[in-house]
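Structural description and commentary
Spelled out, the chains give:
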Amino acid sequence: MNKRETEVFQTIEEGRDRMVRLLQQILRIDTQVPPGDDYDKVCGILEERYRGLGYATSLHEAPEKYMRLSGAKHICLDGPRTNLVARLKGTGKGPTLHISAHTDLAAIQKQGWTVDPLAGEITKTSRYGKSIFDKGGGYIWGRGVGDDKGETAALLLALEAINETSVKLKGDLIVTANCDEEIGGVAGLGYLIREGIVKADLGIQLDGSMTGIGLSAMGRTRFLIRTLGKSYHGQVPILGVNAIEKMSKLNVALNDYWRNVLLRRKYPTPGIDFGEGLRARGVECPTGMLNIGTIRGGVQGATVPDLCEEEVLRGMIPGETYEGTQAEFKAVLDGVKSTDADLQYQLETINFREGYVVSATDPYALECQALIQEAVGVKLPFTGTLASTDMNYQVVDGHMPCVNFGVGGPYSNGHGQDENASIDEIIECAKAVALITMRKLGAQ
Ligand SMILES: [Zn+2]
């Protein structure tokens, strides 16, 4: 590292308290989704800070079309879908880098928290383990410290340090604080990239951990199935049509489809680790999945139910499109329908987001791996997940090579109760972001 870079790292260290205060401030705004209220408040705080650094900022509210595509009415979304875009024009020639972190939060469990999930308390240690980056700087607690407000704070700290050190970046930088990631990101980064509001050559998705560099994730489609029957007295069911019975038939077929067809559909990703737990179950790469997540129907034992409704989540491997997935899914249901004249069903899509993979031999991914190692002293492995992330929009729709990392590890309880993050780790994440930004955009 050169002298300027060392200075930036020092400035990051010195900004620790300011970073913690900002993080506490945004943690106290409840942006759980659904419903996803108050994105505008978080964006407002960040907008002011980026303006102060000389960034051109704009707020983008997803229009009705994207609300519909989000499945807003099924998911019960509420409030404006506000996204912040902050741009810093480069001083010379260089690529454009887009860095994204999301403003929404995973749902907060009503029970099981031993701290206030919206307070941002600080402790010396975490009883759930220790970050490998912990040098005694303590832990911060609350929903979002690891996913994804800790990353949001790390990103701002990195860019503040670059600014304070008077480093001039040659290429353009675009930062987004985008919403709704936890429910598919359609009205968040999906909207910004598909509408061409954000266009870049390279991407960083700050929505991962400091235990690996995420290069691949699954896509998913959320389906809603309804079976329609005919209500009758439950002691004379022979004269009714039982909607739950019909749904049971569909579920037998769906179960067979996923165990015998989807589980064999794989997308090999050499050099990308999906983790020991999955490996033990024979899954080493993106693999087709399906989950029957909810089922509802009927009023009582003595009435034949005329309606049954369930939600099914279909995990898509990279390359599987929504259209193909929907057609195949419908074919499974139609196969059952063709054997039963009384079976009537309706199929709706709540929303979808596709999967992606960046190759483990991609030059940008390898360069980021080396730069993160240079910044934090640890070579992070390339990893993949069966979950899905907004990096899809950067890779598939925006055609950017991209990497995903962030704050958190096994100790941090992401999405669980008592989410916590090592403050030293947030600082290290900021250094990794700063170094990639300076080297890729070119610093003067
Ligand atoms: Zn996240």
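Refer to the structure printed above.
Residues numbered from 1 in each chain as written. Predicted model: local features only at pLDDT ≥ 70, side-chain atom pairs only at ≥ 80, totals over all residues.

Attention now goes to the sheet that holds strand β10 (residues 289-297). Spatially, β10-β11-β9-β12 is the arrangement adopted by the four strands of the open sheet, whose pairing is antiparallel. The sheet terminates laterally at β10 and β12 (344-353), the two strands that pair on one side only. The sheet shows a mean angle of 20° between the axes of neighbouring strands, taken without regard to direction. Here strand β9 (residues 219-228) runs beside strand β11 (residues 307-316); their pairing, made up of ten bridges, is antiparallel. Among the inter-strand pairings, R226 is bridged to a residue of β11, identified as E309. Packing of helix α8 (residues 243-260) onto the sheet brings it into contact with β9, β10, β11 and β12, and relative to β10 it is tilted by some 170°. (Pairing = 2+ DSSP bridges. Helix = DSSP H or I, 4+ residues; strand = E, 2+ residues; numbered from the N terminus. Axes fitted to C-alpha atoms, helices over the stretch in contact; angles between N-to-C directions. Contact = placed C-beta atoms within 7 Å.)

Turning our attention to unusual backbone geometry. Geometrically, the link from P34 to P35 is a cis peptide bond, its omega value of 5° lying close to zero. Relative to the elements of secondary structure, P35 occurs in the loop between α2 (16-27) and α3 (39-52). Residue D148 is reached from D147 by a cis peptide bond, and omega for that bond is 20°. Within the secondary structure, D148 sits in the loop between β5 (139-141) and α6 (149-164). Phi is positive for D180, which is not a glycine, with a value near 65°. The topology assignment puts D180 in the loop between β6 (173-178) and α7 (186-194). Here the phi dihedral of H415 falls at roughly 70°; this positive angle occurs in a residue that is not glycine. Note that H415 resides in the loop between β15 (402-406) and β16 (420-422). Look at H415 and you get partly exposed, because 16 C-beta atoms sit within 10 Å. (Buried ≥ 20, exposed ≤ 12 C-beta atoms within 10 Å, placed from the backbone.)

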